[in-house]
Amino acid sequence: KNRRFRKSLEFTESLYKELLNHNKLMYPKYIWLYYQSQIINFSFLGRNDKVIELLEDLQEQGQGESNYYQSFFIPLNLCSAYYCRGDLDTSLKNLSDLLTKDVYKNLDPNWKLRISILEIMLHLETADYNYADGRLREVKKIFRTTLRREGYEREKTFLQILASLIKYPDAKTR
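Here goes a summary of the coordinates provided. If you're wondering where the values come from, they're calculated on a predicted model, not measured in any experiment.

Below, the discussion takes up the packing of helix H1 (residues 5-20) against helix H2 (residues 27-44). Running from amino to carboxyl end, H1 crosses H2 at an angle of 160°, the nearest separation of the two axes being 9 Å. One finds that H1 runs roughly antiparallel with respect to H2. As for how H1 packs across H2, the hand of that crossing is left-handed. Of H2, the residues touching H1 (which contributes Phe5, Ser8, Leu9, Thr12, Glu13, Leu15, Tyr16, Leu19 and Leu20) are Tyr27, Tyr30, Ile31, Leu33, Tyr34, Ser37, Gln38, Asn41, Phe42 and Phe44.

In structure tokens, the structure reads:
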């Protein structure tokens with residue numbers, strides 16, 4: 001809110017030092033807050049390599065396995081960070097990892113729709129037009145009822161834009 005990301009990083013480092021005190025008594029309870037704060041701050045500062053490093057550390061520690069939110073947060077943010085770095089293949093791999101987890105199956109339909117749109121966009125970016133077209137048709141079918149509801153005009157419009165980009169791939173470079 002106040003955009004003081006560097007100052008916030010100082011506070012998160014203070015938190016980390018305190019977590020290491022007292023035989024790590026509060027470490028398990030607050031380590032996720034530390035990582036989450038670091039990731040958010042580094043994201044806003046445009047330090048994607050640091051974001052990726054932190055997220056991969058969490059993944060290697062198995063942080064995303066035991067917590068519903070974390071198992072969603074880690075691969076989705078890795079997808080975003082790799083996209084920002086220009087590594088579309090790794091971005092797609094992390095999105096695919098999310099799509100195969102139980103957490104995805106239990107997500108709210110609104111999240112599923114938005115993640116599906118992201119998937120189509122990434123496949124368009126990699127010029128995989130056949131997959132993007134098939135996935136777009138599938139998304140329209142699966143979310144037909146949702147997309148008819150009031151409040152989903154932006155999503156419908158965006159899907160139409162994606163359909164145009166699939167149909168006329170050269171138009172996106174003009």
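Once that is clear, we can look at helix H6 (residues 88-99). A rise of 1.5 Å per residue sets the reference length of H6, with its 12 residues, at 16 Å; its end C-alpha atoms lie 16 Å apart and thus fit the reference within 8%. For H6, the set of buried residues is Leu88, Ser91, Leu92, Asn94, Leu95, Leu98 and Leu99. Summarising the axial view, the buried residues of H6 lie within an arc of 160°, below the 170-degree limit, and thus occupy one face. Contact partners of the buried residues in H6: helix H3 (48-60), helix H5 (68-85), helix H7 (102-105) and helix H8 (109-125).

Quick look at the packing of aromatic side chains now. Taken as a whole, this structure holds six aromatic pairs when the rule is applied. Consider the rings of Trp32 and Tyr69, whose centres lie 6.3 Å apart with planes at 90°: the pair is edge-to-face. In this pair, Trp32 is assigned in helix H2 and Tyr69 in helix H5, connecting sequence segments 37 residues apart. Owing to a relative accessible area of 12%, Trp32 belongs among the buried residues under this scheme. Given the relative accessible area of 38%, Tyr69 is considered partly exposed.

Given a rise of 1.5 Å per residue, 14 residues ought to cover 20 Å, and the 20 Å separating the end C-alpha atoms of helix H9 (residues 129-142) matches this to within 8%. All of the buried residues in H9 are Ala132, Arg135, Leu136 and Val139. Down the axis of H9, the buried side of the element spans an arc of 110°, and every buried residue falls inside it. Summarising the geometry of H9, the exposed residues directed more than 90 degrees from the buried face are Asn130, Arg137 and Lys141.

Thresholds applied
Residues numbered from 1 in each chain as written. Predicted model: local features only at pLDDT ≥ 70, side-chain atom pairs only at ≥ 80, totals over all residues. Heavy atoms only, no water. Axes fitted to C-alpha atoms, helices over the stretch in contact; angles between N-to-C directions. Helix = DSSP H or I, 4+ residues; strand = E, 2+ residues; numbered from the N terminus. Parallel < 35°, antiparallel > 145°, perpendicular 65-115°, else oblique. Left-handed = near helix turned anticlockwise from the far one by under 90°. Contact = heavy atoms within 4.5 Å. Expected span 1.5 Å × (residues − 1). Buried < 20%, exposed > 50% of the residue type's maximum accessible area, 1.4 Å probe, protein only. Arc of directions from axis to C-beta. Phe/Tyr/Trp six-rings, centres within 6.5 Å; stacked < 30°, edge-to-face > 60°.

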